[in-house]
Amino acid sequence: TLLAAALCSSTATAFVPSARAPLRRAPVRQMVDIPRITLPDSVVEPMMDLDLKNPNDLSTDEYNSYSAAAIAGTVLFLVPTSYLDNTLAAFVRDFVVSALIGGGAMAALALYPEDPFANKLGGAVMGLKEDLSIPRISLPDSITGPMSDLDLKNPNNLSDDEYNSYSAAAIAGTVLLLVPFAYTDGTLFAFVRDFVVSALIGGGAMAALALYPEDPFANKLGEAVMGVINKED
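On a predicted model such as this, the values are computed, not experimentally measured, just so you know. Counting from 1, residues in each chain are numbered in the order their sequence is written. For this predicted model, a pLDDT threshold of at least 70 governs which residues receive local features, and a threshold of 80 or more governs which side-chain atom pairs are given and counted, while totals over whole chains, interfaces and linings are taken from all residues. Hydrogens and waters are ignored; side-chain quantities use all the structure's heavy atoms.

### As for the overall build of the protein chain
Note the cut-off: Per the convention used, a helix needs a DSSP run of H or I reaching at least four residues, while a strand needs a run of E reaching at least two, with both numbered from the N terminus. Buried means the residue's accessible area, taken with a 1.4 Å probe over protein chains only, is under 20% of the maximum for its type, while exposed means over 50%, and partly exposed covers the values in between. Per-residue and other accessible areas follow the Shrake-Rupley method at a 1.4 Å probe size, with only the shown protein chains counted as cover for residues.
Tallying secondary structure elements over the protein chain gives nine helices and zero strands in all. Secondary structure of the protein chain in N-to-C order comes out as α-α-α-α-α-α-α-α-α. Looking at the protein chain as a whole, 37% of its 233 residues qualify as buried. Summed over all atoms, the accessible surface of the protein chain reaches about 13,800 Å², with 65% contributed by carbon and sulfur.

### Section: helix α5 (residues 118–126)
What counts, and what does not: The arc in question is traced by the directions running from the helix axis to the C-beta atoms. Contacts are assigned to residue pairs with any non-hydrogen atoms lying within 4.5 Å of each other.
If you check which residues of α5 are buried, you get Ala 118, Gly 122 and Met 126. The arc that holds the buried residues of α5, viewed along the axis, is 75°, so those residues lie on one side. Among the structural elements, α4 (87–111) and α7 (160–184) are those in contact with the buried residues of α5.

### Describing the packing of aromatic side chains
Both the distance between ring centres and the angle between the ring planes are used here to describe each pair of aromatic rings. Heads up, the condition is: Any two of the Phe, Tyr and Trp rings considered here, Trp counted by its six-membered ring, make a pair once their centres fall within 6.5 Å; the pair's planes then place it as stacked at under 30 degrees, edge-to-face at over 60, or tilted in between.
Here the structure, examined in full by the defined rule, presents four aromatic pairs. Judged by centre distance (3.7 Å) and plane angle (0°), the ring pair of Phe 91 and Phe 191 falls under stacked. With Phe 91 in helix α4 and Phe 191 in helix α8 (residues 187–211), this pair connects stretches of sequence that are 100 residues apart. Considered together, Phe 91 and Phe 191 belong to a single accessibility category, that of buried residues.

### Concerning the packing of helix α3 (residues 60–84) against α8
A packed helix pair is summarised by two numbers, namely the angle formed by the two axes and the spacing between the axes. Note the cut-off: Helix axes are fitted to C-alpha atoms over the stretch in contact, other axes to C-alpha atoms as well, and angles between N-to-C directions run from 0 to 180 degrees. Our angle categories are set so that under 35 degrees counts as roughly parallel, over 145 as roughly antiparallel, 65 to 115 as roughly perpendicular, and the remainder as oblique. Handedness of a helix crossing follows the sense of rotation of the near helix relative to the far helix, less than a right angle counterclockwise being left-handed and clockwise being right-handed. Residues are grouped as follows: Ala, Val, Leu, Ile, Met, Phe, Trp, Tyr, Cys and Pro are nonpolar; Asp, Glu, Lys and Arg are charged; every other residue, Gly included, is polar.
Two elements in contact, α3 and α8, have axes separated by 7 Å at closest approach and are oriented at 140°. Put simply, α3 runs oblique to α8. In the packing of α3 onto α8, the handedness of the crossing is right-handed. Classifying every residue of the contact of α3 with α8 gives 14 nonpolar, seven polar and one charged.

### Notes on the pattern of salt bridges
Quick reminder of the rule: Criterion for a salt bridge: a side-chain nitrogen of Lys or Arg within 4 Å of a carboxyl oxygen of Asp or Glu.
All told, the structure shown has five salt bridges when counted by the stated rule. The residue Asp 160 makes a salt bridge to Arg 136 at a minimum N-O spacing of 3.1 Å. Residue Asp 160 is found in helix α7, and its partner Arg 136 is found in the loop between α5 and α6 (141–149); the two are separated by 24 residues along the sequence. Given the relative accessible area of 10%, Arg 136 is considered buried.

### Topic: α3
Where we set the bar: To estimate how far a helix should extend, the number of its residues minus one is multiplied by 1.5 Å.
The end-to-end C-alpha distance of α3, which contains 25 residues, comes to 36 Å, matching closely the 36 Å that a straight helix rising 1.5 Å per residue would cover. Just downstream of α3, Asn 86 is the residue with a positive phi angle, here 65°.

### Details of the nonpolar core
One broad rule of soluble globular proteins: the nonpolar side chains tend to lie buried together. The criterion, for reference: The set of buried Ala, Val, Leu, Ile, Met, Phe, Trp, Tyr and Cys residues whose side-chain atoms join them within 4.5 Å is what this entry labels a nonpolar core.
Formed by 15 residues in total, the largest nonpolar core has its most connected members in Leu 39, Met 47, Leu 58, Tyr 66, Ala 210, Leu 211 and Ala 218. For Ala 218, the residues in contact, after removing those within four places along its chain, are Ala 69, Met 206, Leu 209 and Ala 210. Judged by nonpolar contacts, the second largest core, of twelve residues, contains Leu 158, Tyr 163, Ala 169 and Ala 170.

### Regarding the side chain of Ser 198
Note the threshold: Any N or O atom pair separated by 3.5 Å or less is treated as a polar contact, with the protein-specific requirement of one donor-capable and one acceptor-capable atom, and with residues adjacent in sequence counted only for side-chain atom pairs.
With respect to the helices and strands, the residue Ser 198 is situated in helix α8. For Ser 198, a relative accessible area of 0% corresponds to the buried category. Among the polar contacts made by the side chain of Ser 198, one reaches the main-chain carbonyl oxygen of Asp 194 at a distance of 2.7 Å. If we ignore the near neighbours within four places in the chain, the residues touching Ser 198 are Thr 74, Phe 77, Leu 78, Thr 81 and Gly 203.

### Digging into the environment of Ile 101
By the secondary structure assignment, Ile 101 is in helix α4. A relative accessible area of 52% places Ile 101 in the exposed class. Residues Ile 101 and Ala 170, spaced 69 residues apart in sequence, show a C-alpha to C-alpha distance of 9.9 Å.

Structure, rendered in C-alpha cells:
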C-alpha cells in the first residue's frame, strides 16, 4: 500500500596553495543528514488520520531519527530473514568480491593523475542528488604510503568535491560488478525479495512508531544509529 511504502521510504540513503610552503589539509568530519523525501498529500493524509506525525513537517534532527529508525528496523528484520534462507552469506560474498575488484579498480582509476573516466562517472553519480556529500574516511599512512609509490593521489588530501567523485566512482564500480555477479548466481532476486519484505514489515513498523506521538523507543533507536554514524574519531 502507499502508506506502507511511505513509512519505509527512508530505508530505500578550493585549495589555495601557500606561496611559501604547501600545507596539508586535515580531513574534516562532516555531520551526516539523511536526504529527505517529500511525501505527497495522498500519502500524508491517511497517516494523519492514524494520528501519526507528518514526515514533511519534521525538523532535520527529527527526520534523521525517523529515517534511521526505519533503516534499523529494515536491517534488524533483514539479517535473520536472509540468514535463514541462506541468502545473506551469498550476497555478502558477492558484495565483498565486487567491492574489492569493481570498487577497487574504479577507486584506483579515480586517484590516477591521468584518470580517463572514473571521476566523470563519480561526478555523474553525485549529480543525481543535490547537496549530497559522502562522509570522509581518513586512511592511515600504512595505506597511503604504498598508494603514493604507485603515483596515486592521496585520498586524505582531496577536496570535498574530489573526494565525493572518487568515493562515488568506487561505489559505482562495486554496483556495476555486483548486479551481474549476484544475478548470475541467483543471489540478487533472493536478496531483493528479502529486502523488500524487511523494508515493508521491519522498516515500516519502526517508521510508524517513530511518527507516533507517544513513541516509546523508535526515535531513541534512530538517534543511537545517527550517533554511531556521526561519531567523532
